[in-house]
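Here is what each chain is made of, one letter per residue.
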Amino acid sequence: MILEKIANPVEIATERFALRPVRKSDAGLFALYAGDRRVAEATQAIPHPLPPGAAEAFCARAMLAGSEEDIWVMDGTRSGLPEVLGVISLRMMDRNQSEVAFWVAPAFWNHGIASEAVNALVAANPQKSCTLFAEAFQDNPGSARVLTNAGFQYLGDAESFSVARAVNVPTWTYIRKLD
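If you're wondering where the values come from, they're calculated on a predicted model, not measured in any experiment.

The rules we used
- All residue numbers refer to position in the chain's written sequence, counted from 1.
- Per-residue local features are limited, in this predicted model, to residues with pLDDT of at least 70; the limit for side-chain atom pairs, both in listing and counting, is 80 or more; totals at the level of whole chains, interfaces and linings are taken over all residues.
- Calculation of side-chain values draws on the structure's entire complement of heavy atoms; hydrogens and water are dropped beforehand.
- The pairing criterion for strands is at least two bridges between them, as found by DSSP.
- Numbering goes from the N terminus for both helices and strands, where a helix is a DSSP run of H or I of at least four residues and a strand is a run of E of at least two.
- Burial classes follow relative accessibility: with a 1.4 Å probe on protein chains only, a residue under 20% of its type's maximum area counts as buried, one over 50% as exposed, and anything between as partly exposed.
- Any carboxyl oxygen of Asp or Glu within 4 Å of a side-chain nitrogen of Lys or Arg constitutes a salt bridge here.

1. Things to note about the pairing of strand S8 (residues 167-177)
On a regular strand, one side chain projects to one face of the sheet and the next to the other, so that they alternate.
Next, step 1: Across seven bridges, strand S6 (residues 131-137) lies against S8 in antiparallel orientation. Each bridged residue has a counterpart across the sheet, and for glutamate 135 the counterpart in S8 is threonine 173.
Next, step 2: Pairing analysis gives nine bridges linking strand S7 (residues 153-162) to S8, with the strands arranged antiparallel. Looking across to S8, one finds that glycine 156 is bridged to threonine 173.
Next, step 3: Joining the antiparallel neighbours S7 and S8 is a turn of four residues, in which alanine 166 adopts a positive phi near 60°.

Following this line, the structure appears as structure tokens:
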């Protein structure tokens, strides 16, 4: 099966913010937030410390057509919140499946931002997936709650490499079947 990326991810409205495509101007806030050890260590791919130019490279990759991953910024400007609250992505897999990943800036933890973003992305289903997968590190129960509250079901334990931690970290894997 050939995977095709949508030209530009569509904007998705939530109650408090919008999920919008990444812009070059997002690099400064990405560097600020993703450079936080707590954010980096909660993800698989963000290094810590964040190397110079990493945020700009992320923006360039996110805006590149032809990728197997669609990336949205959680943009709170319409509600008087900052332009970047976090990031959410869908990585295309085979057999009409996608993997959800997200991070939220620490200042917005425990405010329902991640839950609102995941629920909006699931409802919009921009890649027309039949099945969504997601992982959460076992020492990050908040992300696991976000997934279960969005209708994801626990699938099993695994482990994934964390670049920031430089070790394999135990994970919980989740699945969400879509109509």
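From this point, things continue past the structure.
2. Observations concerning the environment of methionine 92
Next, step 1: Structurally, the position occupied by methionine 92 is in strand S4 (residues 86-92).
Next, step 2: Judged by relative accessible area, methionine 92 falls into the buried class, the value being 9%.
Next, step 3: As for methionine 92 and arginine 16, which are separated by 76 residues in sequence, their C-alpha atoms are 27 Å apart.

3. Some remarks on the pattern of salt bridges
Next, step 1: Under the defined criterion, the tally for this structure stands at twelve salt bridges.
Next, step 2: Among the ionic pairs, aspartate 26 bridges to arginine 20, the shortest N-O distance being 2.7 Å. Per residue, the accessibility class of aspartate 26 equals that of arginine 20, and both read buried.
Next, step 3: Arginine 37 is paired through a salt bridge with glutamate 41; the nearest N and O atoms lie 3.1 Å apart. Residue arginine 37 and its partner glutamate 41 are both found in helix H2 (residues 37-41); the two are separated by four residues, about one turn of the helix.

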